[in-house]
Amino acid sequence: MATLADIGVSAVINILTAFAFLLAFALLRIQPINDRVYFPKWYISGGRSSPRNSRNFVGKFVNLNFKTYLTFLNWMPQALRMSEAEIISHAGLDSAVFLRIYTLGLKIFVPVTIVALLILIPVNVSSATLSFLRRELVVSNIDKLSISNVPPKSLRFFVHIALEYLFTIWTCFLLYKEYDNIASMRLLFLASQRRRVDQFTVVVRNIPHISGHSVSQTVDSFFQTNHPDHYIGHQAVYNANRFAKFVRRRDRLQNWLDYYQLKFERNPDKRPTVKTGLLGLCGGKVDAIEYYKQLIKELDKMMTLERQRIITDPKSILPVAFLSFNSRWGASVCAQTQQSKNPTLWLTDWAPEPRDVYWRNLAIPFVSLSIRKLIISLSVFTLVFCYMIPIAFVQSLANLEGLERVAPFLRPVIELKFIKSFLQGFLPGLALKIFLYILPAVLMIMSKIEGYIALSTLERKTAAKYYYFMLVNVFLGSIVTGTAFEQLHAFLHQSPTQIPRTIGVSIPMKATFFMTYIMVDGWAGIAGEILRLKPLVIYHLKNMFLVKTERDRGKAMDPGSVDFPETIPSLQLYFLLGIVYAVVTPILLPFIVVFFAFAYLVYRHQIINVYNQQYESAAAFWPHVHSRIIASLLLSQLLLLGLLSTKKAANSTPLLVILPIFTFAFHKYCQSRFEPAFRKYPLEEAMAKDLLEKDTEPDLNIKAYLADAYLHPIFQSFEVEEELVEVRVDKHQTHHIASPSISEPSSPSPPHHVHQPSPPQYSEYPTSPPGYYYHSSTPSHYVHQYQGEP
């Protein structure tokens, strides 16, 4: 059992670690060589240029302006300077609402911490129950600050119950206001946005097979009949996963060709060579430029054949399509209504925005989705409970007194004061953090296997899995396994009727472990987040060994998005710990408050300067956050109810029964009041935007606007020597109409939804739409200048 001294040692270690990380970050961020690591978002948006271009040789690597070292902490006020409206404009609504979760935590826990410390600590300390239990239980001075120190049948429990009511009402009040504000922000954000293709697009899955009709025929016939005034066409979805591998391979070859061409331009007297053997380490030497040109030429032929096979093979068309409508109102009606009397067919939903689509999963047959979800659910269940084994081991480190009784041979090692304080106060939280490190990546793979078609959905499902894992293993598992191990001696030497009482008393005792975990994960861990040590090292390693062109440098610099699948469940765990222990062990609350304040400052800086969101879901994750905070309230009330039952507080315990009912009723009201704004798009809003658009842009060609919006990215462009390829697709052959200078024309792209088909024509063309011209704008080949920047 960790003591106050152990917690003090842990606090010193973590504070010093966090300070060292912050100092290192403040110094590293002003060095020119690291500018792309700490400000990548501004490079991506074009708002920042490299500070190394106009410097001398040393100045390209090291900041020689010593005045800037005196203001190395100015990132803190800079992170707070940007308003919420500016953050929405700069980084999107998802990022702004993500930051609001931290401010919500501060709004909830700062007043709760003040009240709990002023009222509950004196109530708990003035009792002396644990002094009589010291012989049968392992306790520490921290436990005297908790509800465990209150004697059974005490009237003091009415204070704890009253504050549980007060904290619940306060939390629900703030949750209601926050839900209202975020729902309004979402609707305003959607209403204020300029026209977006996903507002006019619906994805339909489980398209039935009709004998003698292609998927395109079936889709057009059905939606022209049922949505005749608004449906204008569709984009068929092709199983192009094999072609995607060719595209990735071609990109790699093209990158090598760019590199050797630039190398030759810098030194025209010497042609670059390359070995053709394994990994370029063996084999005969050949001209590198001609070698890669030949490889690309051969791969282009393979890609041309594969693209034509995809277009002409009816089996490559999947029973999924992106439907286009001429108005938001028409798309809203289609996306939010049942299309068929058979509810398992013609399943429609809003299409994700194009950059949010996870194309690989569109190739999964609908029938296999249920099987996949069942298998993954069983796998997640197994993984959660298999992790109990390392969690139990971690908990044994947190309770060395109990371990000494079971394994006395370890006593000489752990009796050293500093070693003991280090093991109990720092190592348990660090070990648990290490065990959890790879888990989000594993859970993301599982979510992808389940078959979701949107990246935002994949991240939300991964976050849900990770939250359940944290709830079962980190929270409940820490209490159960820790209690069983820590109190093993008491379990073996007391009456069975006393075991429930022992468990009830020991639940608040686990607060010491969670304090160490919060300091490791929420203090030092957040400081490590802003230091970005791993991305920093990876960027410079790539720059030294892999970067050949500016395109490579852009990939090496890419910071990605905020890691929602990991950060949001971790946030929810902190809400859970704060809400559960607010009444039980209030001394834990200051640790929670420090985390929320520090993390808010850090992530504000990261969102402004670092992360570049891959998609925009308009805060679609907020209902899940709200639901899990409500679940934390319910769990805290049930745990307090169980704890008081072990304290023989029969007079006060029934008062708690009403609280879960009130909390659940509040949650259902919020669901019915606000959640539709996150699940549906009001027809009133859709019609208002349509009418406004007709007034301001009466000549808008919506078909042209939606052209190629949901064409698979690998079909949108195919790098060739010149600018334009015009392709005509008909029932017999594909004609290439290209500039005479094009020696290797692009193969045709699959048909898309810019046309407005008619049923009679489709009877003649079973595998593709009727003849139309597809204009594929193939960008000219960019040769990036290599400036020798590491």
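Draft legend 1. View of the pattern of salt bridges. Overall, the coordinates contain 16 salt bridges when judged by the stated rule. The salt bridge partner of R195 is E693, with a shortest N-O separation of 3.0 Å. Here the residue R195 occupies a position in the loop between helix 8 (157–192) and strand 1 (201–205), and E693 occupies one in helix 31 (residues 683–696), the gap between them amounting to 498 residues. No difference in accessibility class separates R195 from E693, as the two residues are buried. Connected through shared salt-bridge partners, R195, R328, D690, E693 and E697 make up one network.

Draft legend 2. Spatial organisation of the packing of aromatic side chains. Enumeration according to the criterion identifies 40 aromatic pairs in this entry. Each ring, one from Y260 and one from Y292, has its centre 5.8 Å from the other, and the planes form 20°; the classification is stacked. Of the two residues, Y260 is situated in helix 10 (residues 241–266) and Y292 in helix 11 (residues 288–312); the sequence distance between them amounts to 32 residues. Overall, Y260 belongs to the buried group, its relative accessible area being 9%. Relative to F514, the ring of F513 has its centre 5.5 Å away and its plane inclined at 65°; by these criteria the two rings are edge-to-face. Owing to a relative accessible area of 2%, F513 belongs among the buried residues under this scheme. By relative accessible area, which is 0% here, F514 ends up buried. Residue placement shows R195 over the ring face of Y705; its charged tip is 4.7 Å from the ring centre. Lying across the ring of F264, R271 places its NZ or CZ 4.8 Å from the centre.

Draft legend 3. Structural detail: the nonpolar core. Ranked by internal contacts, the top residues of the largest apolar core, which has 152 residues, are F98, L323, F475 and Y581. In this structure F98 touches V562, F564, T567, I568, L571, Y603, I607 and F621, once residues within four positions along its chain are discounted.

Draft legend 4. Summary view of the pairing of strand 5 (residues 317–325). Here strand 5 lies mainly inside the structure; 8 of its 9 residues are buried. Here strand 1 pairs with strand 5 via 5 bridges, running antiparallel. Following the sheet pairing, R205 is matched in strand 5 by V320. Relative to strand 5, strand 2 (residues 231–238) runs antiparallel, the two being bridged by 6 bridges.

Rules used throughout
For every chain, the first residue of its written sequence is number 1, and the numbers climb from 1 along that sequence. With the structure being a predicted model, the display of local features is reserved for residues of pLDDT at least 70 and the display and counting of side-chain atom pairs for 80 or more, all residues being used for whole-chain, interface and lining totals. With hydrogens and water excluded, all non-hydrogen atoms of the structure serve as input to the side-chain values. One speaks of a salt bridge when a side-chain nitrogen belonging to Lys or Arg is within 4 Å of a carboxyl oxygen belonging to Asp or Glu. Strands here are runs of E lasting at least two residues and helices are runs of H or I lasting at least four, both read from the DSSP assignment and numbered beginning at the N terminus. The rule is simple: take the accessible area with a 1.4 Å probe, protein chains only, and divide by the maximum for that residue type; under 20% is buried, over 50% is exposed, in between is partly exposed. Ring pairs are drawn from Phe, Tyr and Trp, using the six-membered ring of Trp, whenever the two centres fall within 6.5 Å, and their geometry is named by plane angle: stacked under 30 degrees, edge-to-face over 60, tilted for the rest. A positively charged side chain is recorded as over a ring if its NZ (Lys) or CZ (Arg) lies within 6 Å of the ring centre. The angle to the ring normal must also be within 35 degrees. In plain words, nonpolar cores are sets of buried Ala, Val, Leu, Ile, Met, Phe, Trp, Tyr and Cys residues tied together by side-chain atoms within 4.5 Å. The contact rule is simple, with two residues in contact once any of their heavy atoms fall within 4.5 Å. Any two strands with at least two DSSP bridges between them are considered paired.

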